[in-house]
Amino acid sequence: MRYWLIKSEPDAYSIDDLARDKTTPWTGVRNYQARNFMRDQMKPGDQAFFYHSNCDEPAIVGIAEVSKAAYPDATQFDRNSKYFDDKATTDNPRWLHVDFRFVRKTPPLTLTELRRHKALAKMRLLAKGNRLSITPVDPAEWQYIIGLLK
DNA sequence: GCCAACGTTGGC
DNA sequence: GCCAACGTTGGC
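Residues numbered from 1 in each chain as written. Chains lettered and ligands numbered in written order. Predicted model: local features only at pLDDT ≥ 70, side-chain atom pairs only at ≥ 80, totals over all residues. Heavy atoms only, no water.

Asker: Teacher, can you tell me more about a negative patch on the surface here?
Answerer: Taken together, the side chains of Glu9, Asp11, Asp56 and Glu57 make up a negatively charged region of the molecular surface. Its location among the elements puts Glu57 in the loop between β3 (47-52) and β4 (59-72). (Patch = residues over 30% accessible without salt bridge, like charges linked within 9 Å, V, L, I, M, F, W, Y side chains within 5 Å. Areas by Shrake-Rupley, 256 points an atom, 1.4 Å probe, with all protein chains shown as cover. Salt bridge = Lys/Arg side-chain N within 4 Å of Asp/Glu carboxyl O. Lys, Arg positive; Asp, Glu negative; His and termini not counted. Charge placed at Lys NZ, Arg CZ, Asp CG, Glu CD. Helix = DSSP H or I, 4+ residues; strand = E, 2+ residues; numbered from the N terminus.)

Asker: Looking at this model, I keep getting lost on the pattern of salt bridges. Mind explaining?
Answerer: Side-chain pairing between opposite charges can occur once the charged atoms of the two side chains come close. This model, assessed by the stated rule, comprises 8 salt bridges. Between Asp17 and Arg20 there is a salt bridge, and its shortest N-O distance comes to 3.2 Å. Of this pair, Asp17 and Arg20 are both found in helix α1 (residues 15-21), 3 residues apart, which corresponds to roughly one turn of the helix. For Asp17, a relative accessible area of 17% puts it in the buried group. Here Asp40 and Arg39 are joined by a salt bridge, their closest N and O atoms 2.8 Å apart. When its relative accessible area of 45% is taken as the criterion, Asp40 is described as partly exposed. The partly exposed category is assigned to Arg39, whose relative accessible area is 39%. (Buried < 20%, exposed > 50% of the residue type's maximum accessible area, 1.4 Å probe, protein only.)

Asker: Honestly, helix α4 (residues 139-148) in this entry has me stumped. Any pointers?
Answerer: Every α-helical turn comprises 3.6 residues, leaving residues that sit three or four positions apart pointing alike. Taken residue by residue, α4 has Glu141, Trp142, Ile145 and Ile146 as its buried positions. All buried residues of α4 project into a common sector of 135° when viewed along the axis, lining one side. What points out from α4, more than 90 degrees from its buried face, is the exposed set Pro139 and Ala140. In this fold, the buried residues of α4 make contact with β1 (3-8), β3, β4, β5 (96-110), α3 (111-115) and β6 (134-137). (Arc of directions from axis to C-beta. Contact = heavy atoms within 4.5 Å.)

Asker: Is there a simple way to explain the layout of surface pockets in this structure?
Answerer: Rolled over the atoms, a probe sized like a water molecule indicates the empty space that remains. Its volume calculated, the largest pocket comes out at about 540 Å³. Taken together, 19 residues line the largest pocket, and the ones lying closest to its centre are Lys7, Ser8, Ala12, Thr27 and Tyr83. The residue inventory of the lining of the largest pocket, partitioned by class, reads 7 nonpolar, 7 polar and 5 charged. (1 Å grid on protein atoms, 1.4 Å probe; cavity = no way out; pocket = protein on both sides within 12 Å on 5 of 7 lines; lining within 4 Å. Points joined across faces, edges and corners; volume = space filled by probe spheres on them. Nonpolar A, V, L, I, M, F, W, Y, C, P; charged D, E, K, R; others polar.)

Asker: Teacher, can you tell me more about the protein's contact with DNA strand B here?
Answerer: Close to DNA strand B lie Asn31, Tyr32, Gln33, Lys128, Gly129 and Arg131, which account for all nearby residues. The sugar-phosphate portion of DNA strand B accounts for 74% of its atoms within 4 Å of the protein, the bases making up the rest. At 2.9 Å from a phosphate oxygen of DNA strand B is found a side-chain nitrogen or oxygen belonging to Lys128. Interatomic distance of 2.5 Å between a side-chain N/O atom of Arg131 and a base oxygen of DNA strand B. Broken down by class, the residue content of the surface near DNA strand B amounts to 1 nonpolar, 3 polar and 2 charged. (Near = heavy atom within 4 Å. Polar contact = N/O pair within 3.5 Å; in protein donor to acceptor, adjacent residues only side chain to side chain.)

Asker: Where do I start with the sheet that holds β6 in this structure?
Answerer: Pairing between sheet strands relies on hydrogen bonds along the backbone, with the strands arranged either parallel or antiparallel. Reading across from one edge, β2-β5-β4-β3-β1-β6 is the order of the 6 strands in this open sheet, with mixed pairing throughout. Each edge of the open sheet is held by one strand with a lone partner, namely β2 (23-25) and β6. On average, each strand axis in the sheet is tilted by 35° relative to the strand beside it, whichever way the strands run. The sheet contact formed by β2 and β5 spans 3 bridges and is antiparallel. (Pairing = 2+ DSSP bridges. Axes fitted to C-alpha atoms, helices over the stretch in contact; angles between N-to-C directions.)

Asker: Could you clarify how one ought to interpret the protein's contact with DNA strand C in this entry?
Answerer: Around DNA strand C, the surrounding shell consists of Lys7, Tyr51, Ser53, Asn54, Pro58, Leu111 and Arg131. Within 4 Å of the protein, atoms of DNA strand C come from sugar and phosphate in 67% of cases. In this structure, a phosphate oxygen belonging to DNA strand C sits 2.8 Å away from a side-chain N or O atom of Tyr51. At 2.8 Å from a phosphate oxygen of DNA strand C is found a main-chain nitrogen or oxygen belonging to Asn54. Classifying every residue of the surface near DNA strand C gives 3 nonpolar, 2 polar and 2 charged.

Just geometry here; none of it tells us what the structure is for.
And the structure:
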């Protein structure tokens, strides 16, 4: 079982949206590294921190769980979607995604707060210039953050 | 709104 | 294979 951190802009899809939907297909990822994490490493049961990015208060705001392993992203074939990709074919889809299930909301754990902890200094999220929307989280980091959320 | 950092594209 | 140009991300 692995641990992850997934980013979402709350204006686009927030933790409350996931709480309402219960599960959601994590479509629209158009970055190869992020895709590869989903395709090659994510398994049902994997746990993820849900992080709000590009907003007033960037923060971990909840926990989600992989509920379905990677499968082709339908939006790549939809000409009306902003995620349409004319190089993708049904025989050879370029983009895949997993589904996430809502686990729980947490008190917001802000980026500023995360940066205060030495134990988290190596987190990919905190690395300078990091833009990756899906990043692995070490088990030790996961446990440490769970502790902060209590 | 600004801008640094990063990923992708495409000409050569 | 190199690298300039461009588009995007995301904190501030």
